[in-house]
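One letter stands for each residue in the lines below.
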Amino acid sequence: MRLFILLSAVFITGCYCYGQENSKQTLLDSLNKAREKDLGAFNLYVTKTKLEFIGGAFSNRSNQGFQPFTCTYHVYLPFQLELNRVNEKAGDKLLKINMPLIVHHSKYGNYAIGLGNRFSFLIYKRLYLSYQIGLVWCEVVKKDTDDGFTKMGLNFHHEFNLSYGITKRIALSANLIHISNGGLFKNVKNNQDVLGIGVSYNFNSY
């Protein structure tokens, strides 16, 4: 009798636990199915060249206000990491990660050249907010200027960018650029802020 009771208890417990697990799995499957439209994936694509030009006014933080002019050029390397929704038609990318070559110079000829990483976040249709951080080598061609370049050496190149695609190939942007040593390259105390307007051309047609 005791053996029968014990076996019955094991059987009932097993059925209850299995039924509970099955119920949990059904609920999980239901939640997963409901969220299928939100499923995303990162993909790495080979892309064509993208070029960008930014013209702006500079300040070295010790002079009064901004004065013209500086030029910044970006040449994007031919690959792009993108975050997309899997179950939606192709459209604006939710997140784009690019690596551009950077050339930056002031009206005096002092310049910086290097490489950056850009993270672009979709705000609205065709409207992206981007942050770019780069490492550049600075050269002082003309000393005793007020553009913030004082010594040659490595500096950080930061950029905030708000861009809008007016066509599939052409985009206009507002930019804030900052060059400084970041507290790491203490012997190279270059410091420059730039407010600029940019235009980019993407050889990809999508």
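Note: the structure precedes this text.
Note that the coordinates shown come from a computational prediction; the quantities given were computed from them, not determined experimentally.

**Student:** Looking at this structure, how should I read the overall build of the protein?
**Tutor:** For the protein, the count of helices and strands is one helix and eleven strands. Sequence separation of 24 or more characterises 61% of the internal contacts of the protein that already satisfy a separation of 6 or more.

**Student:** Sorry, what's going on with the side chain of Asn202 here?
**Tutor:** Within the secondary structure layout, Asn202 lies in strand E11 (residues 192-202). Reaching out from Asn202, the side chain makes a polar contact with the backbone nitrogen of Asn204 at a distance of 3.0 Å. In this view, Asn202 contacts Thr49, Lys50 and Arg169; residues no more than four positions away in its chain are not counted.

**Student:** Please explain the pattern of salt bridges as it appears in this structure.
**Tutor:** Counted by the stated rule, this structure contains three salt bridges. A salt bridge links Arg118 to Glu52; its shortest N-O distance comes to 3.4 Å. Placement of the pair is Arg118 in strand E7 (residues 111-124) and Glu52 in strand E2 (residues 50-59), with a sequence separation of 66 residues. Overall, the relative accessible area of 4% leaves Arg118 in the buried class. Taking the relative accessible area as the measure of exposure, Glu52 reaches 6% and is therefore buried. The partner of Lys93 in a salt bridge is Glu82, with the nearest N and O atoms 3.6 Å apart. Placement of the pair is Lys93 in the loop between strand E4 (79-85) and strand E5 (95-98) and Glu82 in strand E4, with a sequence separation of eleven residues.

**Student:** Before we go on, may I ask you to explain the nonpolar core in this structure?
**Tutor:** The nonpolar side chains of a soluble globular protein tend to be buried with one another. In this structure, Ile102, Ala112, Val136, Cys138, Val140, Phe149 and Ile179 together form the largest nonpolar core, which totals seven residues. In this view, Cys138 contacts Tyr111, Ala112, Phe149, Lys151, Met152, Gly153, Asn155, Ile179 and Asn190; residues no more than four positions away in its chain are not counted.

**Student:** Is there a simple way to think about unusual backbone geometry in this case?
**Tutor:** Peptide bonds are trans in most cases, and residues, glycine excluded, mostly fall at negative phi. In this structure, Phe69 follows Pro68 across a cis peptide bond, with omega equal to -5 degrees. Despite not being glycine, Arg126 shows a phi value in the positive range, around 70 degrees. One non-glycine residue, Asp144, lies in positive phi territory at about 60 degrees. As for its position among the elements, Asp144 is in the loop between strand E8 (127-139) and strand E9 (153-165).

**Student:** I'm lost on the pairing of E7 in this one. Help?
**Tutor:** Consecutive side chains along a regular strand alternate between the two faces of the sheet. Where E5 and E7 come together, four bridges link them in antiparallel fashion. Looking at the pairing, Leu95 lines up with Phe121 of E7. Bridge count for strand E6 (residues 100-106) against E7 is five bridges, and the pairing is antiparallel. Of the residues in E7, the one forming a bridge with Leu101 is Leu115. In this structure, E7 lies alongside E8, joined through 13 bridges in antiparallel fashion. Note on E8: the bridge partner recorded for Phe121 is Leu129. Hairpin connection between E7 and E8: a loop of two residues separates the two successive antiparallel strands, and Arg126 in this loop has a positive phi of roughly 70 degrees.

**Student:** Would you take a moment to explain the pairing of strand E10 (residues 170-180) for this structure?
**Tutor:** With ten bridges joining them, E9 and E10 adopt antiparallel strand pairing. Note that in E10 the partner of Asn161 across the bridge is Asn175. Joining the antiparallel neighbours E9 and E10 is a turn of four residues. For E10 and E11, the ladder comprises ten bridges, and the chain directions are antiparallel. Note that in E11 the partner of Ile177 across the bridge is Val194.

Rules and cut-offs
- Residues numbered from 1 in each chain as written.
- Predicted model: local features only at pLDDT ≥ 70, side-chain atom pairs only at ≥ 80, totals over all residues.
- Heavy atoms only, no water.
- Helix = DSSP H or I, 4+ residues; strand = E, 2+ residues; numbered from the N terminus.
- Contact = heavy atoms within 4.5 Å.
- Polar contact = N/O pair within 3.5 Å; in protein donor to acceptor, adjacent residues only side chain to side chain.
- Salt bridge = Lys/Arg side-chain N within 4 Å of Asp/Glu carboxyl O.
- Buried < 20%, exposed > 50% of the residue type's maximum accessible area, 1.4 Å probe, protein only.
- Core = buried A, V, L, I, M, F, W, Y, C linked by side-chain atoms within 4.5 Å.
- Pairing = 2+ DSSP bridges.

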